[in-house]
Amino acid sequence: MISVASFREIQQFVLSDKTAGLAWAAVVFGFLIVGTLSYSLYRATVYWLLFFCVASVAGRKGTQQEMDIIRWSNLNKDRNVSKYLTEWGSQVHFMYLFVLLGVLSLFVCQQVGFSPLFDLRWMWALFLVTSVSALVSHYNLHKREQAAFEHDAKLP
């Protein structure tokens, strides 16, 4: 949303007097639709590749489904540790999707010919830093989750 709003033509459309209310509704509705479709495509395609790469580097064995089954089977145990890692996983997804949609929107807006309001190198730097942060956080999540699964497996 930030990267799309950083183009002059988008701001002019939204801030025009004739269509101000309708323009805001259209932009918000558009973001919701694009966000929903993008998240679905991301979870179905991009995340599987990222999961495989990061899990391999972290030394994890098993598929995403096998880890989900382990996580769900330990969910109701007393003193379960792995249930506290779900928020961390949500943050990893948010960072990956932020970068994916940001890069995609910058690419599309540049291809359409929109003129940026500022130097876009700052946006690319933000996406690079967020990508590295997401990969490091994902790696750490795998390491912590593996230890949590081992802990939870010993619980009654």
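Model, not experiment: these values are computed from the prediction.

Peer 1: Can you walk me through the layout of surface pockets in this structure?
Peer 2: A probe matching the size of a water molecule, rolled over the atoms, marks out where space remains unfilled. Reported here for the second largest pocket is a volume of approximately 310 Å³. Surrounding the second largest pocket, 19 residues form its lining, Gln 64, Arg 71, Gly 89, His 93 and Glu 145 being those nearest its centre. Elements with a contribution of two residues or more to the lining of the second largest pocket: helix H3 (20–58), helix H4 (64–73), helix H5 (86–112) and helix H6 (121–153). The residue makeup of the lining of the second largest pocket, split by class, is seven nonpolar, eight polar and four charged.

Peer 1: What am I meant to see in the pattern of salt bridges here?
Peer 2: Where charged atoms from two side chains of opposite charge come close, those side chains can pair. This structure, assessed with the given rule, holds one salt bridge. Residues Arg 60 and Glu 145 are paired through a salt bridge, measuring 3.3 Å at the closest nitrogen-oxygen approach. Of this pair, Arg 60 sits in the loop between H3 and H4 while Glu 145 sits in helix H6, and the two are 85 residues apart along the sequence. When sorted by exposure, Arg 60 lands in the same class as Glu 145, which is buried.

Peer 1: Help me out: how do you make sense of a nonpolar patch on the surface in this one?
Peer 2: Among the surface-exposed residues, Leu 104, Phe 107, Val 108 and Val 112 lie close enough to one another that they form a single nonpolar patch of about 370 Å² accessible area. Its location among the elements puts Val 112 in helix H5. Exposure remark for Val 112: the relative accessible area of 54% places this residue in the exposed category.

Peer 1: It is not clear to me how the side chain of Ser 38 should be interpreted in this structure. Could you clarify?
Peer 2: Mapped onto the secondary structure, Ser 38 falls in helix H3. The contact partners of Ser 38, leaving out residues within four places of it in the chain, are Leu 97 and Leu 101.

Peer 1: Can you help me understand the packing of aromatic side chains in this one?
Peer 2: The way to describe two aromatic rings as a pair is by their centre distance and the angle between their planes. Applying the stated criterion across every chain, the model contains six aromatic pairs. Taken together, a centroid distance of 6.4 Å and an interplanar angle of 20° make the contact between Phe 94 and Phe 98 stacked. Placement of the pair is Phe 94 and Phe 98 together in helix H5, with a separation of four residues, close to one helical turn. Plain terms: the ring middles of Trp 124 and Phe 127 are 6.2 Å apart, the flat faces sit at 85° to each other, and that makes the pair edge-to-face. Highlighted residues: Trp 124 and Phe 127, both in helix H6, separated by three residues, approximately one helical turn. On the basis of relative accessible area, Phe 127 is assigned to the buried category, the value being 3%.

Rules and cut-offs
Residues numbered from 1 in each chain as written. Predicted model: local features only at pLDDT ≥ 70, side-chain atom pairs only at ≥ 80, totals over all residues. Heavy atoms only, no water. 1 Å grid on protein atoms, 1.4 Å probe; cavity = no way out; pocket = protein on both sides within 12 Å on 5 of 7 lines; lining within 4 Å. Points joined across faces, edges and corners; volume = space filled by probe spheres on them. Helix = DSSP H or I, 4+ residues; strand = E, 2+ residues; numbered from the N terminus. Nonpolar A, V, L, I, M, F, W, Y, C, P; charged D, E, K, R; others polar. Salt bridge = Lys/Arg side-chain N within 4 Å of Asp/Glu carboxyl O. Buried < 20%, exposed > 50% of the residue type's maximum accessible area, 1.4 Å probe, protein only. Patch = residues over 30% accessible without salt bridge, like charges linked within 9 Å, V, L, I, M, F, W, Y side chains within 5 Å. Areas by Shrake-Rupley, 256 points an atom, 1.4 Å probe, with all protein chains shown as cover. Contact = heavy atoms within 4.5 Å. Phe/Tyr/Trp six-rings, centres within 6.5 Å; stacked < 30°, edge-to-face > 60°.

Note that every value here comes from positions in space, so none of it alone points to a role or purpose.
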